[in-house]
Amino acid sequence: MRIPSHLAIIMDGNGRWAEQRQLPRIAGHHRGVESVQEIVAECRTLGVRYLTLYAFSSENWGRPEDEVNALMGLLGRYLESELDTMCARNIRFQVIGEIDRLPAEVGQVLRRTVAQTANNKEMVLTLALSYGARNEMVRAIRELARQVADGRLAAEAIDDDLLSRTLDTAGLPDPDLLIRTSGEMRISNFLLWQLAYTELYFTEDLWPDFSRQKLHQAFAEYARRQRRFGLIAAQVKGEENH
Ligand code: IPE
Ligand code: IPE
Ligand code: MG
């Protein structure tokens, strides 16, 4: 079965999962971490090369302070507990987003995890944290504008490829498949540039209920899709993309 080389996931629905059970929202985030562990492990087993998870958006900073604090604590503990597994399974860890906005302790754990997994080769796990695609693009455009203003770059040299290489996702291919859980059919400011030709898959399952079996269903659907990239079917036929 053709599996995506780069899978991106909007992990949504933790709060509703908890509310349905009269639990505090943070209980849903705790269960969400278990789904993360299961899906990371399964992606690695199936040979996904790049896995990018949307964990906290720029807009999520506006949530109630206790939820934001609880999420930050959970994140730090998740990373600490996963380091050994990432090393054992040869997973390189990285982050995209405005990392400077995160609490200092979280920043420290992040840097440590990135450094200690830097030479791992089998899969790249990217966490989008304090991430918003518009913010990412604005930062990249500012960087290019600075280079043009300093005379280090000609405006004509700016093309798709250079912009891609200036974004936080530099070095990652564009996602082949995007999964969003919880029934919402929107992108919520995730990877707006990179998703240009990504296959989109929406499921009603809430993120804590998203299991390896659900992942297989998504991959089966992906394998049935024909990606045309603007061409006609006869041109892409037989040319198994990714
Ligand atoms: C996704 O679950 C996790 C984060 C955004 C941090 P939500 O917290 O958005 O859950 P719902 O959408 O309210 O159910
Ligand atoms: C998107 O979920 C962000 C993450 C999953 C981290 P949200 O719950 O924040 O998105 P909206 O508000 O429903 O669009
Ligand atoms: Mg949500």
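A brief look at the structure comes next.

Definitions and cut-offs
- Residues numbered from 1 in each chain as written.
- Chains lettered and ligands numbered in written order.
- Predicted model: local features only at pLDDT ≥ 70, side-chain atom pairs only at ≥ 80, totals over all residues.
- Heavy atoms only, no water.
- 1 Å grid on protein atoms, 1.4 Å probe; cavity = no way out; pocket = protein on both sides within 12 Å on 5 of 7 lines; lining within 4 Å.
- Points joined across faces, edges and corners; volume = space filled by probe spheres on them.
- Helix = DSSP H or I, 4+ residues; strand = E, 2+ residues; numbered from the N terminus.
- Nonpolar A, V, L, I, M, F, W, Y, C, P; charged D, E, K, R; others polar.
- Near = heavy atom within 4 Å.
- Polar contact = N/O pair within 3.5 Å; in protein donor to acceptor, adjacent residues only side chain to side chain.
- Areas by Shrake-Rupley, 256 points an atom, 1.4 Å probe, with all protein chains shown as cover.
- Sits in = over half its atoms within 2 Å of the grid points.
- Pairing = 2+ DSSP bridges.
- Axes fitted to C-alpha atoms, helices over the stretch in contact; angles between N-to-C directions.
- Contact = heavy atoms within 4.5 Å.
- Expected span 1.5 Å × (residues − 1).
- Buried < 20%, exposed > 50% of the residue type's maximum accessible area, 1.4 Å probe, protein only.

### A short note on the layout of surface pockets
Moving on, step 1. In this model, the largest pocket occupies a volume close to 720 Å³.
Moving on, step 2. Looking at the largest pocket, it is lined by 32 residues, and the ones nearest its centre are M11, N14, Y54, A55 and F56.
Moving on, step 3. Only α1 (14-19), α2 (25-46), β2 (50-57), α3 (65-88) and β4 (123-131) provide two or more residues apiece to the lining of the largest pocket.
Moving on, step 4. Lining the second largest pocket, in full, are D160, S164, L167, T169, A170, G171, L172, D174, W193 and Q194.
Moving on, step 5. Of the residues in the lining of the second largest pocket, the class split is 4 nonpolar, 4 polar and 2 charged.

### Some remarks on the site of ligand 2
Moving on, step 1. Around ligand 2, the surrounding shell consists of I10, M11, D12, Y54, A55, F56, N60, R63, R180, R186 and S188.
Moving on, step 2. Within the side chain of N60, an N or O atom sits 2.9 Å from an oxygen atom of ligand 2.
Moving on, step 3. In the environment of ligand 2, an oxygen atom lies 2.6 Å from a nitrogen or oxygen atom belonging to the side chain of S188.
Moving on, step 4. Its residues assigned to classes, the shell around ligand 2 shows 5 nonpolar, 2 polar and 4 charged.

### Notes on the site of ligand 1
Moving on, step 1. The environment of ligand 1 is made up of M11, D12, G13, N14, G15, R16, R25, H29, A55, N60, R63 and L71.
Moving on, step 2. For ligand 1, an oxygen atom lies 3.3 Å from a polar atom in the backbone of G13.
Moving on, step 3. Take G15: an N or O atom from its main chain is 2.9 Å from an oxygen atom of ligand 1.
Moving on, step 4. For ligand 1, whose unbound accessible area comes to 380 Å², protein coverage reaches 86%.
Moving on, step 5. Of the pockets mapped on this structure, ligand 1 occupies the largest pocket.
Moving on, step 6. For the shell around ligand 1, the elements supplying multiple residues, two or more each, are α1 and α2.
Moving on, step 7. The element best represented in the shell around ligand 1 is α1, accounting for 3 residues.

### Focus: the environment of N90
Moving on, step 1. Along the polypeptide, N90 turns up in the loop between α3 and β3 (91-96).
Moving on, step 2. Sequence separation between N90 and V109 is 19 residues; the distance between their C-alpha atoms is 18 Å.
Moving on, step 3. At 2.9 Å, the side chain of N90 forms a polar contact with the backbone nitrogen of K121.

### Section: the sheet that holds strand β6 (residues 199-202)
Moving on, step 1. Strand order in the open sheet formed by 6 strands is β3-β4-β2-β1-β5-β6, and the pairing between neighbours is parallel. Every other strand in the sheet has two partners, leaving β3 and β6 as the edge strands with one partner each. Put simply, the sheet's adjacent strands are angled 20 degrees from each other on average, direction ignored.
Moving on, step 2. Here β2 runs beside β4; their pairing, made up of 7 bridges, is parallel. By the bridge assignment for β4, L53 is matched with L127.
Moving on, step 3. Against the sheet, helix α7 (residues 212-224) contacts β1 (6-10), β5 (177-180) and β6, and its axis sits at roughly 140 degrees relative to β5.

### Quick notes on α2
Moving on, step 1. Helix length check: α2, at 22 residues, gives a terminal C-alpha distance of 31 Å against a target of 32 Å (1.5 Å per residue), a fit within 8%.
Moving on, step 2. Along α2, the residues that are buried comprise G28, H29, G32, V33, S35, V36, I39, V40, E42, C43 and R44.
Moving on, step 3. Trailing α2 by a residue or two, G47 shows a phi angle of about 90 degrees, which is positive.

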